[in-house]
Amino acid sequence: MKNQIIPYLVACYLAAEGLFYCLPAVWAAEEKAAPLTAVLAVDTASPAHPYSRMLFGGFLEHFHRQIYGGLYEPGSPLSDAKGFRQDVIEAIKELRTPIVRWPGGCFVSAYHWRDGVGKDRQPSFDKAWGVEDPNTFGTDEFVEWCRLAGVEPYICGNAGTGTPEEMSDWVEYCNQTQGRWARLRQAGGHPEPFNVHYWSVGNENWGAHEIGAKSIPEWGPLVRETAKMMRRVDPSIVLTAAALGDDWNRSLLQHAGGSLRMISIHGYWDELWVEDKPSDYATCMLRSRQPEESILQVERLLESTGFKGKIQIAFDEWNLRGWHHPGVMTGFTPEAIKARDRNDINGTYTMADALFSACFLNACLRHADTVKMANIAPLVNTRGPLFVHPKGIVKRTTYHVLRLFANLLAPQVSPAAVTSGPFKQGDAAVPAVDAVATCDAAKQDWRFALVNRHPAVAASCVIQFDGAAASGTCWATVLSGDAPEAFNDIEHPERVRPRRVELAFQNGAVTLPPHSLTILEVSRTVPPK
Ligand code: AHR
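Residues numbered from 1 in each chain as written. Predicted model: local features only at pLDDT ≥ 70, side-chain atom pairs only at ≥ 80, totals over all residues. Heavy atoms only, no water.

*Asks:* An account of the domain arrangement of the protein chain is requested, with residue identities and associated values reported.
*Replies:* Entries for the protein chain in the domain assignment read domain 1 (2–50 + 412–523) and domain 2 (53–408). A separation of 33 Å is found between the C-alpha centroids of domain 1 and domain 2. Facing 38 residues of domain 1, the contacting portion of domain 2 comprises 32 residues. Interface of domain 1 and domain 2: buried area, both sides summed, is about 2,800 Å²; carbon and sulfur atoms make up 71% of it. The three residues of domain 1 that bury the most area against domain 2 are Arg-453, Asn-488 and Ile-490, which together make up 17% of that side's buried surface. One can count one salt bridge joining domain 1 with domain 2. Between Arg-366 and Asp-434 there is a salt bridge, and its shortest N-O distance comes to 3.1 Å. Taken together, the connections running from domain 1 to domain 2 amount to ten residue pairs in polar contact (both at pLDDT 80 or more). Elements supplying a minimum of two residues to the side of domain 1 that touches domain 2: strand E17 (422–425), strand E18 (428–431), strand E19 (433–439), strand E20 (445–452), strand E23 (473–479) and strand E26 (516–523). Tallied by class, the residues present in the side of domain 1 that touches domain 2 amount to 22 nonpolar, nine polar and seven charged. (Domains from an automatic or database assignment. Contact = heavy atoms within 4.5 Å. Buried area = accessible area lost by both parts, 1.4 Å probe. Salt bridge = Lys/Arg side-chain N within 4 Å of Asp/Glu carboxyl O. Polar contact = N/O pair within 3.5 Å; in protein donor to acceptor, adjacent residues only side chain to side chain. Helix = DSSP H or I, 4+ residues; strand = E, 2+ residues; numbered from the N terminus. Nonpolar A, V, L, I, M, F, W, Y, C, P; charged D, E, K, R; others polar.)

Okay, here's the thing in structure tokens:
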């Protein structure tokens, strides 16, 4: 309020002079005049560490049009002979998505993998979502699709209605050369093992919404026994398990910690399951520090249980917007099932989604010693970065964010101190600028991911190396859209797209446009020793 007094007095004067028409201009000038500054300081002597590229992973569930009518559409002129949409595969390759989790999600907790393999496949009723699954896309198709898209397959097992034996049989089907299930795979035309490396025991089994939900005392021993059986089939697999909340996780770690390499946590920060009223830009930005709080909470638990450094986090479902699927707890009506179409209203996915996602990835990178995998949920349709329709695809704002992170950042993350003026809304505030620093092993090639959350004010961001301000010019890729609410859709597929520009440092600073993500590329010549 304090810095609004002068414009207020000016306005009073203008009002007295009968110049009311000037008021909006006065207020706008006040808004623009408020300077926003930030400093990102790197100490090049601090050790930088490689991070896992699996942070840029994805998730695909048998839900609505993610699989059928999404990446898999036999008969479409855009699909290959097997039914895989070629335009989707090309877009995923461009994203360089490293890993994809499948087949759920809630779906998996009543899914029997044997229904989706072999020649005689019958449709089955999907109890999680109340629809029929044709079972034409199963394990073979998932693995084949992963190979075509260049991604690592990650399978989540049914710990709801499934048993440890069923989950371990799935490992046999995928990775063994001997046994009844391995032979079934071979008979289906896959003589060589699929070698699926990443597996999860269960999905959200802590929740009342989940089919076959488990209690805290049940979960740890079940995971331990399941892990034992899965490992007897293939000792090389990497295992994670459904985790949430301190008490649940403590018990899980106590019983099964020795068998796990990761624990799986999920986060959606705009909960739209029942009512589809997406939050506005400012609200989303004010929530954009919450993912880091979730990570810190799990890190504290890992520390206190002695597992820090031994077990990592798989943030294997994340997205700003929760999926809209009313009726989970009350029963699915035809209207409730139809309401799932709302997830694909492209106008929902604005710069708010883009910048929230960038802040999420920045948080994972800052905690790259504990967070090893993160999977945007989902990858295709519903709330995903790629909207797929019968005639083509739309790259939503979040697609560009993932592509920039996966393609432009350097391979190591360096500690960086970031200070920033605030973005305020009412009584709430967050730093306007969020940032991470990455570099190559020689610390010559630096790539900064810089988010300006402010919807209206550009930020002047100083880049410092060892206390000295950067100088000269550098290349930058900027994603901002023409408004905080900008989005892409079929009619305007390129309204939000990255622009590559050359920037000059002014007193060590570059300008970050309002509501933007900037990936800055700075080369430093390190003097020979
Ligand atoms: O809302 C989608 C669902 O979100 C996924 O199936 C589940 O894993 C999570 O609760």
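There's plenty left to go through after this.
*Asks:* Lay out the sheet that holds strand E11 (residues 312–321) with the relevant residues and their values.
*Replies:* Pairing is parallel in the open sheet, where eight strands are placed in the order E9-E8-E7-E4-E3-E12-E11-E10. Since the sheet does not close on itself, it has two edges, and those belong to strand E9 (238–241) and strand E10 (262–270), each with one partner. Taking the axes of each pair of neighbouring strands and ignoring which way they run, one obtains an average angle of 25° across the sheet. Here helix H4 (residues 139–149) sits on the sheet in contact with strand E4 (99–102) and strand E7 (152–157), set at roughly 150° to E7. (Pairing = 2+ DSSP bridges. Axes fitted to C-alpha atoms, helices over the stretch in contact; angles between N-to-C directions.)

*Asks:* Any details on the packing of aromatic side chains? Residues and values, ideally.
*Replies:* Under the definition given, this model contains 31 aromatic pairs. Here the aromatic rings of Tyr-68 and Tyr-72 are separated by 6.1 Å at their centres, their planes lie at 70°, and the arrangement is edge-to-face. Its relative accessible area of 8% is what places Tyr-72 among the buried residues. Arranged with centres 6.0 Å apart and planes meeting at 50°, the rings of Trp-269 and Phe-360 form a pair that is tilted. Residue Trp-269 is found in strand E10, and its partner Phe-360 is found in helix H12 (residues 351–366); the two are separated by 91 residues along the sequence. Stacked on the ring of Phe-332, the Lys or Arg Arg-340 has its end atom at 4.8 Å from the ring centre. Over the aromatic face of Phe-465 sits the side chain of Arg-524, whose NZ or CZ is 4.3 Å from the ring centroid. (Phe/Tyr/Trp six-rings, centres within 6.5 Å; stacked < 30°, edge-to-face > 60°. Buried < 20%, exposed > 50% of the residue type's maximum accessible area, 1.4 Å probe, protein only. Lys NZ or Arg CZ within 6 Å of the ring centre and 35° of its normal.)

*Asks:* So what about the site of the ligand? Which residues, and what values?
*Replies:* Around the ligand, the neighbouring residues are Glu-61, Gly-105, Cys-106, Trp-129, Asn-203, Glu-204, Tyr-268, Trp-273, Glu-317, Trp-323 and His-325. One nitrogen or oxygen atom from the main chain of Cys-106 is found 2.8 Å from an oxygen atom belonging to the ligand. For the ligand, the accessible surface in isolation is 280 Å², of which the surrounding protein chains cover 96%. (Near = heavy atom within 4 Å. Areas by Shrake-Rupley, 256 points an atom, 1.4 Å probe, with all protein chains shown as cover.)

*Asks:* Hey, could you go over the pairing of strand E14 (residues 392–395) for me, with residue numbers and the actual values?
*Replies:* Taking every second residue as pointing to the same face, the buried face of E14 carries Gly-392 and Val-394, while none of Ile-393 and Lys-395 on the other face is buried. Of the pairings in the sheet, the one linking strand E13 (residues 386–389) to E14 comprises four bridges and is antiparallel in character. Opposite Val-388, over in E14, you have Ile-393 as the bridge partner. Hairpin connection, E13 to E14: the antiparallel pair is bridged by two residues.

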